[in-house]
Amino acid sequence: MSFIEVKQISKSFRVAKKKSGLKEAFKSFIKREYQIVKAVEDVSFSIDEGEIVGYIGPNGAGKSTTIKILSGILTPDSGECQIAGMIPWKNRVKYVKNIGVVFGQKSQLWWDIPAEDTFDLLKDIYEIPDEKYQSTKNDLIKKLNLEDIINIPVRQLSLGQRMRCEIAAALLHHPKILFLDEPTIGLDAVSKQLVRDFIKKINRENHTTIILTTHDMSDITTLAKRIILIGNGKVLYDGSLKKLKNQYETKTTIMVKTKDKLNIRKKGVLEKIKTKDGYQLVIHLKELSISELLTILSRKIEIDDIEIENESIDDIIVKLYEDYQI
Amino acid sequence: MKIYLKALSMHLKSELEYRVSFLLSFLSQIFIFFSYYFVILSLFTKFSHIRGFTLWEVLLCFSIIQFGFSFNEVFARGIDRFDRLIIKGDFDILLVRPKNILLQVLCSDSDFIKVSRVIQAVIVLILSLFHLKIEWNIFKIMTLLLMLLASCIIFFGIFLMAASYCFYTIQGLEVRNVFTDGGKYMAQYPIGIFQKGFVLFFTFIIPYAFVNYYPLLYLLGKKDSFLYGFSPLIVFLYLIPCISMFYVGIKRYTSVGS
């Protein structure tokens, strides 16, 4: 039995059909037509303690619904789920002591007063003993660089500063599992980096299991070794990012700087374009590996400089979405 | 309780952040209150009494209802503003915390400006008691205290019922105002002055009559039975369906979603 075990969870919602136009609006006011939308369907996966998992998928794929089920907010229509030996939607109060949740688009901090006051309230809500609270708080302040912002009313903080406080608030009670719902949404590059480094650090030091949803693929590349892709409510891919890359990254572009003339006729080389100070080569990775190409090149010409352009993870995801038609 | 008190002090701190606005709102509340008061005063310039109730008797009733209503606006504002929690989605955040939901909703908001109304209600109460010649005894004092308590309880219940309504639809919230503001407006007068249908409605459906009519009759010496004096206790029963409705609402929320 894994730490997080999700088996065939399904959840559907009844959504009122809305058509455009005033006439239709009146009609639907009198008699609503409903439509059943399957938010998640037969979702299964298991996650071990201490893993970081990126949970990705396009908008409306069912990410938030899954997170809500896992955090005990929603009860699924069918399926089983056990997390740390408990069923999230049963015995809510006991279960939620084990989890921390950060909703990127909602705030649990009080708007008009400093974040530290919210922390103090959370201390009582989670019944954290004084000593432990102080040491955890100081630790979080240090790691998230909060000294200067913790005493300023939250409404005056920047988005990045606020997100750092949000994350600290979710970790005061040492949760075993941390759910991050789009934690880097709208943050600048520096804040993003800080948040990512911190997430890595707590995963390493406290062995916290982290489930993270995001649209920012660089979040995934820096943080998660494993991704779960969901589309139209179904799990489409579950595995390592590397494998996914190997599967979808078929072509790569290599820029070679050289003064020599290059003649290359090898299976796998798809394109050769002469540039100002060298050549641009496109190779098919299934037929020719980069190292093979380099050996050939070094035998033939004097290489001044070389640059390998990887296909970005965003491109891969777009391909993936296209493949699954989501 | 400790959590609730801490949350209250945090709300006070939040409101004091906006000093000028706080003071102005506090003052404006006094004028609003007196506009209510003048409606009643002007009625009594035409009539010396309404169906046997004199000015000070009506004001006693008025102040007790105002007290309960304002008390809840200060201390149960979270329930009154529950629709906001649902609309903004912040209710989800309460659900992932290991404490009773109702307690957390209570902690979520508070309106200290309305303290000024509570104070005004108490002033009118004291004035009316001063002008009324009530033969005090221990039971009548108890009755008065029970009336004040019941007034707080009934509005708590009504707020809670209105909040439960948010689980079903967040549109058409005006319906709930019929019960809160509309009910409050009527209950400012002794229910007995209205027609029979209203009296029955406010006895059995929303038991305002047990807050300000039956006990009032005992207090003023119009009825002698102790039953009248202790009738405010019935309001506590009213809490049972209100609280259960709220919990049914939470169940529905977790199974249907927002």
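Conventions we followed
Residues numbered from 1 in each chain as written. Chains lettered and ligands numbered in written order. Predicted model: local features only at pLDDT ≥ 70, side-chain atom pairs only at ≥ 80, totals over all residues. Heavy atoms only, no water. Core = buried A, V, L, I, M, F, W, Y, C linked by side-chain atoms within 4.5 Å. Buried < 20%, exposed > 50% of the residue type's maximum accessible area, 1.4 Å probe, protein only. Contact = heavy atoms within 4.5 Å. Buried area = accessible area lost by both parts, 1.4 Å probe. Salt bridge = Lys/Arg side-chain N within 4 Å of Asp/Glu carboxyl O. Helix = DSSP H or I, 4+ residues; strand = E, 2+ residues; numbered from the N terminus. Nonpolar A, V, L, I, M, F, W, Y, C, P; charged D, E, K, R; others polar. Pairing = 2+ DSSP bridges. Axes fitted to C-alpha atoms, helices over the stretch in contact; angles between N-to-C directions. Expected span 1.5 Å × (residues − 1). Arc of directions from axis to C-beta. Domains from an automatic or database assignment. Parallel < 35°, antiparallel > 145°, perpendicular 65-115°, else oblique. Left-handed = near helix turned anticlockwise from the far one by under 90°. Right-handed = clockwise from strand over helix to strand, strands pointing away. Patch = residues over 30% accessible without salt bridge, like charges linked within 9 Å, V, L, I, M, F, W, Y side chains within 5 Å. Areas by Shrake-Rupley, 256 points an atom, 1.4 Å probe, with all protein chains shown as cover. Lys, Arg positive; Asp, Glu negative; His and termini not counted. Charge placed at Lys NZ, Arg CZ, Asp CG, Glu CD. Phe/Tyr/Trp six-rings, centres within 6.5 Å; stacked < 30°, edge-to-face > 60°. Lys NZ or Arg CZ within 6 Å of the ring centre and 35° of its normal.

> Which residues make up the nonpolar core, and what values do they have?
Generally speaking, soluble globular proteins have nonpolar side chains that are buried together. Formed by 171 residues in total, the largest nonpolar core has its most connected members in I79, F82, F91, Y208 and F246 of chain B. Those residues in contact with F246 of chain B that lie beyond four places of it in its chain are F82, I101, L102, V105, L160, A163, S164 and F167 of chain B. Counting 13 residues, the second-largest nonpolar core is a separate cluster that includes L262, I283, I296 and L297 of chain A.

> So what's going on with the interface of chain B and chain A? Which residues, and what values?
With 31 residues of chain B in contact, the opposing surface of chain A contributes 32 residues. Note on chain B versus chain A: buried area summed over both sides is about 2800 Å², and carbon and sulfur give 57% of it. Our count for the contact surface shared by chain B and chain A stands at seven salt bridges. K68 of chain A is the salt-bridge partner of D92 of chain B, the closest N and O atoms lying 3.4 Å from each other. At the level of secondary structure, the elements contributing two or more residues to the side of chain B that touches chain A comprise α1 (2-17), α6 (91-95), α7 (101-107) and α15 (234-256) of chain B. It is α1 of chain B that provides the largest number of residues to the side of chain B that touches chain A, a total of nine residues. Of the residues belonging to the side of chain B that touches chain A, the class tally is 13 nonpolar, nine polar and nine charged.

> Talk me through the sheet that holds strand β4 (residues 78-83) of chain A; I want residue IDs and the actual numbers.
Residue and element names in this part refer to chain A. Pairing is antiparallel across the open sheet formed by three strands, whose spatial order is β2-β1-β4. On the outer flanks of this sheet lie β2 (34-47) and β4, each paired with one strand and no other. Averaged over all adjacent pairs, the angle separating strand axes in this sheet is 30°, with direction ignored. As judged from the five bridges shared by strand β1 (residues 4-16) and β4, these two strands associate in the antiparallel manner.

> For helix α5 (residues 130-144) of chain A, give the residues involved together with the corresponding values.
All names here are of chain A. Counted at 1.5 Å a residue, the expected span for α5 with its 15 residues is 21 Å, and the 21 Å between its end C-alpha atoms agrees. Among all positions of α5, only Y133, T136, K137, L140, I141 and L144 are buried. Around the axis of α5, the buried residues are gathered within 135° of arc, so they sit on the same side. Seen from the buried face of α5, the exposed residues on the opposite side, beyond 90 degrees, are E131 and K142.

> Give a detailed account of the domain arrangement of chain A, specifying residues and quantitative values.
Partitioning chain A into structural domains gives domain 1 (4-245) and domain 2 (250-309). A C-alpha centroid distance of 44 Å is found between domain 1 of chain A and domain 2 of chain A.

> Could you give an account of the packing of helix α2 (residues 19-46) of chain B against helix α3 (residues 55-75) of chain B, naming the residues involved and the relevant values?
Residues and elements named next belong to chain B. Look at α2 against α3: their axes get within 10 Å of each other, and the N-to-C directions meet at 155°. With respect to α3, the element α2 is oriented roughly antiparallel. Our pair here, α2 against α3, has a crossing hand that is right-handed. Mapping the contact onto sequence places F33, Y36, Y37, I40, L41 and F44 in α2 and L55, V58, L59, F62 and Q66 in α3. Of the residues belonging to the contact of α2 with α3, the class tally is ten nonpolar, one polar and no charged.

> Quick rundown of the pairing of strand β7 (residues 209-213) of chain A? Include the residues and the values.
All names here are of chain A. Buried residues dominate β7, accounting for five of its five residues. Side chains T209, I211 and T213 of β7 all project onto a buried face; the interleaved residues I210 and L212 project onto the opposite face, where all are buried too. The sheet contact formed by strand β3 (residues 52-56) and β7 spans four bridges and is parallel. In the strand pairing of β7, V53 is matched with I211. In this sheet, β7 lies alongside strand β6 (residues 177-181) in parallel orientation, the contact comprising five bridges. Bridge pairing in β7 links D181 to T213. With helix α7 (residues 189-206) bridging β6 and the parallel β7, this β-α-β connection has right-handed handedness.

> Just give me the short version of a negative patch on the surface, but keep the residues and values in it.
Residue and element names in this part refer to chain A. A surface patch of like charges, here negative, comprises D277, D305, E307 and E309. Mapped onto the fold, D305 is located in strand β13 (residues 305-309). Take D305: its relative accessible area is 39%, and that puts it in the partly exposed class.

> Before we move on, could you go through the sheet that holds β13 of chain A and cite the residues and values that matter?
All names here are of chain A. Read across the open sheet, the four strands follow the order β11-β12-β10-β13; overall the sheet is antiparallel. Sheet topology places β11 (269-275) and β13 at the edges, where each strand pairs with a single neighbour. Put simply, the sheet's adjacent strands are angled 15° from each other on average, direction ignored. The pairing of strand β10 (residues 251-257) with strand β12 (residues 278-284) spans seven bridges and is classified as antiparallel. Its bridge partner being in β12, T252 is matched across the sheet by I283.

> Describe the packing of aromatic side chains, with residues and values.
Residues and elements named next belong to chain B. A full pass over the atoms with the stated rule returns 26 aromatic pairs over all chains. Both rings, one in F155 and one in Y208, keep their centres 5.7 Å apart while their planes meet at 55°; by these two values the pair is tilted. Of this pair, F155 sits in helix α9 (residues 138-166) while Y208 sits in the loop between α11 (196-205) and α12 (209-212), placing them 53 residues apart in sequence. Given a relative accessible area of 0%, F155 falls into the buried group. The structure contains a cluster of three or more aromatic residues connected by ring pairs, namely F69, F155, F159, F201, F202 and Y208. For the cation-ring pair, K222 lies above F53, with the distance from its terminal atom to the ring centre recorded as 4.1 Å.

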